[in-house]
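# Architecture at a glance
Here's the letter readout for the chains.
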Amino acid sequence: MISVGDVIQLLPDHVANQIAAGEVVQRPASVVKELIENAVDAKADVISLIVKDAGRTLIQVIDNGGGMSVTDLRMAFERHATSKIRATEDIFSIKTKGFRGEALASIAAVAQVDAVSKRDSDEVATRLIIEGGEVRDQSPEASKAGTSIAVKNLFYNVPARRNFLKSNQVEFKHIQDEFLRVALAHEQIEFNLYHNDSEVYLLKKGNLKHRIVQVFGKKTETQLVPISEETEIVSVKGFVGKPESAKKARGEQYFFVNERFIRNNYLHKAIVDAFEHLLPSQYVPSYFLYLEIDPSKIDINIHPTKTEIKFEDEYAIYAVLRAAVKHALGQYNVTPSLDFEQNPDWAFIPSVPANGTIKSPEIKVDRNYNPFEQSIPKRDVEPLHDLYKSFSEFELENNHPEAILDKEEFESVEINAFQWQQKYIITQFKGELLIIDQHRAHSLILFEKLKKSGEENALSQRLLFPVEIISNPSEINQLKNIERDLLRFGFDVEFTEDQILVNALPTEIEPDNVPGIFADFLTDLELHDKINFNTEIAKILAKNAAIRKGDALLPEQAKHLAQQLLTLREPNFSPYGKPVFVQIPESEIIKKLN
Ligand code: ADP
Ligand code: MG
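Read on for an overview of the structure. In this text the structure is predicted, and so the values were computed from the model without any measurement.

### Side note on the pattern of salt bridges
The final tally for this structure, using the stated rule, is 24 salt bridges. With a closest N to O distance of 2.9 Å, K218 and D498 form a salt bridge. In this pair, K218 sits in the loop between α8 (208–216) and β9 (224–230) while D498 sits in the loop between β20 (492–495) and β21 (499–506), placing the two residues 280 residues apart along the sequence.

Pasting the structure below:
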């Protein structure tokens, strides 16, 4: 008879910690969040974050907060060690960020930690070295008051996790997001972020508006509408962005509850609702809203990383938020005076000058140009920017004209064309009437040309005065990732701390188009981690440089545009997949004349 002994064992602590770590430490950004929140809880007023290789090799947070005694420093890395709750009742009135007491233990289980801490009253600091949850060394050390925790080689003992990390660009973006979420909630604390020895953010103490402007750039300064509302259940303060600062991608939307960043789709809808009729449908307003609620009326414990919380009275909070935002927008005279149908791209593009200056479409026939490759429009792809929808009169959507004029035909046929409504070019082709959308047609012509030039180092024109665009460190970081693509297209771009300087342009682009183009690049970069940049850049350039609805054309120019279009191999759809023209056969006209 084989006797089987008891099989249940308590997991050794370091194993339990590694398992817990799976919940708390998903990526470098999780470490950043926990360490910074601890520093805030320790009442620091200067907090620095130092990161190397997107946090793979180093994440270090240095604070000037209260520090820890020798024993507390050792204790801090034990599981369920926290100074923040003593009894379960405390959980319901928690004011600090942490309280589960498992962050440091979890982090230490999956990294090499070098921690130094000193209280004001202590003579010397204590240094503790921990590897994979095991204390390796403890020694006194000379240091100033506060705490420094360096987390090195994250996941060095968990290869599966390490391999799961995304590109440095993506991981660093997450780190930056976590950093900003805390920094935006604590404007009275100085926050610094360094990545690979260069400064990314140096955020001095100031008021809330200062903080937002420091983070998102000077251009934000005039775009913030203040919100302030006190009710029994909730108090709300902060800012919403004016409608013209809204973007098509989500990005600058921040809710904080009791100084903690949270996500909440339901409350997001309250804000979007308040902007009804002020924004075209796909645009998202930016907001920075700070709610104060009695901690006993919320449950922050439902999510291990605590970005989701439950409210006792969600509907009432929805109503307060919506009313507060509406009220503020009304007070600041932000009323729906803009007609989006008329000018759908107003958020990005400077309007066409009213003096009616006619921009000559500098199109020349390139006889050697072979536009065969890859120009089949993808109709199933959601167009990113093209808001034009007003062509339904002609049922353009259902029209798939086959008409193509080949080069020989083109040379022998004299095209007659004229502009109508400053939007269309009317011409005829093989006995049918063609109504061409001038913007889409020109976009397509430019797109084909630009796509080709982007593949082989485009011609560039140097500007006497660079175009200056006010920006912010986060946007600049994103643009740096595509600097080389831009160079290939003929853009020479330089970055300062909060400005983009464009020194040279592709020959097809006017300086006036540059701000719209860069706004579009950023929207695209926010929507996609990785884009087929040649095609995307060409699309964006073409869209911005093309003549617009409302641009007057000389008869010669109208004719030239029609000729250009009809020599394309695939003239039917714009780069964003929209029909470029409608064909009306004579039979339709005869029917109507009956
Ligand atoms: P929690 O924050 O949930 O209490 P942590 O594991 O994050 O748990 O931290 C454990 C404890 O270590 C904290 O409760 C706090 O007492 C102490 N501690 C952590 N970081 C710091 C710091 N930067 N300064 C002072 N004390 C700290
Ligand atoms: Mg903590």
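On we go from here.
### Some words on the packing of aromatic side chains
Two measures describe an aromatic ring pair: the distance that separates the ring centres and the angle between the ring planes. All chains considered together, the criterion is met by 16 aromatic pairs. With a centroid separation of 4.6 Å and an interplanar angle of 10°, the aromatic rings of F256 and Y290 are classed as stacked. Within this pair, whereas F256 is found in strand β11 (residues 253–257), its partner Y290 is found in strand β13 (residues 287–292), the two being separated by 34 residues in sequence. For F256, a relative accessible area of 0% puts it in the buried group. The class of Y290 is buried, set by a relative accessible area of 7%. Measuring from ring centre to ring centre gives 5.7 Å for F491 and F518, while their planes differ by 85°; the resulting arrangement is edge-to-face.

### Quick notes on unusual backbone geometry
For N153, which is not glycine, the phi dihedral falls at a positive 50°. The class for N153 is partly exposed, based on a relative accessible area of 32%. Even without being a glycine, Q421 presents a positive backbone phi close to 60°. Among the secondary structure elements, Q421 is positioned in the loop between β16 (417–420) and β17 (424–429). On the basis of relative accessible area, Q421 is assigned to the partly exposed category, the value being 47%.

The rules behind each value
- Residues numbered from 1 in each chain as written.
- Chains lettered and ligands numbered in written order.
- Predicted model: local features only at pLDDT ≥ 70, side-chain atom pairs only at ≥ 80, totals over all residues.
- Heavy atoms only, no water.
- Salt bridge = Lys/Arg side-chain N within 4 Å of Asp/Glu carboxyl O.
- Helix = DSSP H or I, 4+ residues; strand = E, 2+ residues; numbered from the N terminus.
- Phe/Tyr/Trp six-rings, centres within 6.5 Å; stacked < 30°, edge-to-face > 60°.
- Buried < 20%, exposed > 50% of the residue type's maximum accessible area, 1.4 Å probe, protein only.

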